[in-house]
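Commentary on secondary and tertiary structure
Chain residues, written in single-letter form:
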Amino acid sequence: MLESILGRREAEAKIKSQNRLPPGQSLTQKFPVLHYGPVPRPDLATWDFRVFGLVEEEKTWNWEEFNKLPHTRVTLDIHCVTRWSKFDTTWEGVSVKTLIKEGLIKPKPEANFVVQHCEFGYTTNTPLDFLLQDNVIMATHYEGEPLPLDHGYPLRMVVGSFADRHEGKSAYFWKGGKWLRGLEFRATDQLGFWERNGYNNEADPWREQRYSYQW
Ligand SMILES: Nc1nc2c(c(=O)[nH]1)N[C@H]1C(S)=C(S)[C@@H](COP(=O)(O)O)O[C@H]1N2
Ligand SMILES: [Mo]
């Protein structure tokens, strides 16, 4: 991989010249772990995933059922509000867009926002349109392996940027809920955990929307 051949600074200069480094970010070759609270120990035998709120039919999928949903793979650049970015990360899982296209989730017409619900009550929110972009995926695998426990095993939302396109919206990585257990479709927005605690609700790294107020 690029980073293992080149040093960190060289790799960063290259990424920067490709317009892939958002303002105020720096390239990391590690994969930092960041979250509030303890790491859950999910039990796949009792794990389930709920789709609820403003949908024509609420759904509850167990782990086996979830894994039968159509799968997608995507390579993304990810940007954490704490200023690290990681490039060319590959994720596999299920896209909300595909589930809606295939009629597996049918949002009601008034559903405009989605709250991700995670273990221990962590939440994060986005417009529904945002979740329908190809740079957003509910991932079960990272670099071909099941997610590491501390990165969200068995399922997390991932939001990132494509290397070669800047259209559509990106968001800082906290909009990707780890240990994801459900999606709630809503008519109105509802701030999630970090959004209530001073982070910007739009969270676009290209516009450096880190905080909800100016320092
Ligand atoms: N369930 C849960 N998901 C979470 C968080 C959290 O506290 N709990 N923190 C978010 C934040 S602030 C970041 S930066 C990313 C970090 O993901 P990583 O640990 O895989 O790098 O997870 C996000 N998802
Ligand atoms: Mo974060």
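Relevant structure appears above.
Please read these numbers as outputs of a predicted model, since none were measured by experiment.

The rules behind the values
- Residues numbered from 1 in each chain as written.
- Chains lettered and ligands numbered in written order.
- Predicted model: local features only at pLDDT ≥ 70, side-chain atom pairs only at ≥ 80, totals over all residues.
- Heavy atoms only, no water.
- Near = heavy atom within 4 Å.
- Polar contact = N/O pair within 3.5 Å; in protein donor to acceptor, adjacent residues only side chain to side chain.
- Nonpolar A, V, L, I, M, F, W, Y, C, P; charged D, E, K, R; others polar.
- Helix = DSSP H or I, 4+ residues; strand = E, 2+ residues; numbered from the N terminus.
- Buried < 20%, exposed > 50% of the residue type's maximum accessible area, 1.4 Å probe, protein only.
- Arc of directions from axis to C-beta.

Moving on: the site of ligand 1. Taken together, 19 residues form the shell around ligand 1, and within it Pro32, Tyr36, His151, Arg156 and Lys178 come nearest. Within the side chain of His151, a nitrogen or oxygen atom sits 2.6 Å from an oxygen atom of ligand 1. At 2.9 Å, a backbone N or O of Gly176 approaches a nitrogen atom of ligand 1. For the shell around ligand 1, the residue count by class is 13 nonpolar, 4 polar and 2 charged.

The omega torsion of the bond from Tyr153 to Pro154 falls at 5°, within 30 degrees of zero and hence cis. Its location among the elements puts Pro154 in the loop between β9 (145-146) and β10 (156-159). Of note, the phi angle at Asn19 is positive, near 60°, even though the residue is not glycine. For Asn19, the position within the fold is in the loop between α2 (8-17) and β1 (26-27). One non-glycine residue, Glu208, lies in positive phi territory at about 50°. Its place among the elements puts Glu208 in the segment after α6 (193-196). Taking the relative accessible area as the measure of exposure, Glu208 reaches 33% and is therefore partly exposed.

Attention now goes to α2. Think of an α-helix as turning once every 3.6 residues; residues three or four places apart then point the same way. Within the span of α2, buried status applies to Ala11, Glu12 and Ile15. Along the axis of α2, the buried positions cluster into a sector of 100°, meaning they face one direction only. Counted as exposed and oriented over 90 degrees from the buried face of α2: Arg9, Lys16 and Ser17. The first or second residue beyond α2 is Asn19, which carries a positive phi of 60°.

Geometric descriptors of this kind do not, in isolation, establish any biological role.
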